[in-house]
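# Fold and contact review
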Amino acid sequence: MHLELEQLLVLQDRQQQIKQIQNEIETVPLERNNLEAQLATSTATVDALRQKGRQIEIDRKRMELDVGTRTESIARLKTQQYQTRKNDEFQAIGHEIERYENEIRKIEDEELELMVQGDTAKADLSAEEKKAATIKESVGRQMNDLEEKSTTLQSRLEELTKERAELAGKIDEDLLGRFERLFKSKGDAVVVPLEHDVCTGCHMKVTTQTSHQVKAGKEIVSCENCGRILFDATA
């Protein structure tokens, strides 16, 4: 194989590895944001359940106060009822007492329902807190792994970049420029094998002359269809 072709293949390998690692490095912030979002969602769910529990307790205490206020009113009205000597006043006060008693029964029913809701909210909160603790531990572990991954990738990128620079320095400047333009435009392998007179880059058949030149291995030959640099797969 032509020496410069061998050098280009090695350079291409390093270039492809660099591109792959750069892509992986770009995903690290996305993975970190995803983990932070999971943690934030879990925390928000726990906070919402805690707030719900607090609100239920506030509403229950308010109902207790409402019952207490009405009970005091009933006691006051009964005192007035015993003191009055007028039948119509006695009956009117009786109706007022009955209204308060009905309100108390209604509030107490609502309070019982609220107590059931409170028990459910406590159970939900307990379950969610356990789930949140598991998520927090998992996210923390994954964050550490992500930091290690990022450090490893960055270190490997620096090594490959250095290797690539050394390899590039050994290649003819014009050929290197041609390679880099192709790599930028094609975004994949630009030094590809010729198999059965077909360029494996664009999968198009090349001319007989091009095929002979590639198999001769004495010069750098490009596919006339896509411009990729060809080498003989059977050599």
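Residues numbered from 1 in each chain as written. Predicted model: local features only at pLDDT ≥ 70, side-chain atom pairs only at ≥ 80, totals over all residues. Heavy atoms only, no water.

### Let's talk about the layout of surface pockets
As a volume, the largest pocket reaches approximately 180 Å³. Counting residues per element, the ones that place at least two in the lining of the largest pocket are helix 1 (3–83) and helix 2 (87–168). For the lining of the largest pocket, the leading source of residues is helix 2, giving seven residues. Residue composition of the lining of the largest pocket, grouped by class: six nonpolar, two polar and five charged. (1 Å grid on protein atoms, 1.4 Å probe; cavity = no way out; pocket = protein on both sides within 12 Å on 5 of 7 lines; lining within 4 Å. Points joined across faces, edges and corners; volume = space filled by probe spheres on them. Helix = DSSP H or I, 4+ residues; strand = E, 2+ residues; numbered from the N terminus. Nonpolar A, V, L, I, M, F, W, Y, C, P; charged D, E, K, R; others polar.)

### Observations regarding a negative patch on the surface
A cluster of acidic residues, Glu 108, Asp 109, Glu 110 and Glu 113, forms a negative patch at the surface. Structurally, the position occupied by Glu 110 is in helix 2. Classification of Glu 110 by relative accessible area gives partly exposed; the value is 34%. (Patch = residues over 30% accessible without salt bridge, like charges linked within 9 Å, V, L, I, M, F, W, Y side chains within 5 Å. Areas by Shrake-Rupley, 256 points an atom, 1.4 Å probe, with all protein chains shown as cover. Salt bridge = Lys/Arg side-chain N within 4 Å of Asp/Glu carboxyl O. Lys, Arg positive; Asp, Glu negative; His and termini not counted. Charge placed at Lys NZ, Arg CZ, Asp CG, Glu CD. Buried < 20%, exposed > 50% of the residue type's maximum accessible area, 1.4 Å probe, protein only.)

### A closer look at the packing of aromatic side chains
Summed over the entire model, instances satisfying the criterion amount to one aromatic pair. Geometrically, the ring pair formed by Phe 179 and Phe 183 is tilted, given 6.0 Å between the ring centres and 35° between the ring planes. With Phe 179 and Phe 183 both in helix 3 (residues 173–186) and four residues apart, the pair spans about one turn of that helix. Assessed through its relative accessible area of 0%, Phe 179 is described here as buried. Between the NZ or CZ atom of Arg 99 and the centre of the ring of Tyr 100, over which it lies, the distance is 4.7 Å. (Phe/Tyr/Trp six-rings, centres within 6.5 Å; stacked < 30°, edge-to-face > 60°. Lys NZ or Arg CZ within 6 Å of the ring centre and 35° of its normal.)

From the geometry alone we can't say anything about function, so treat these as descriptive.
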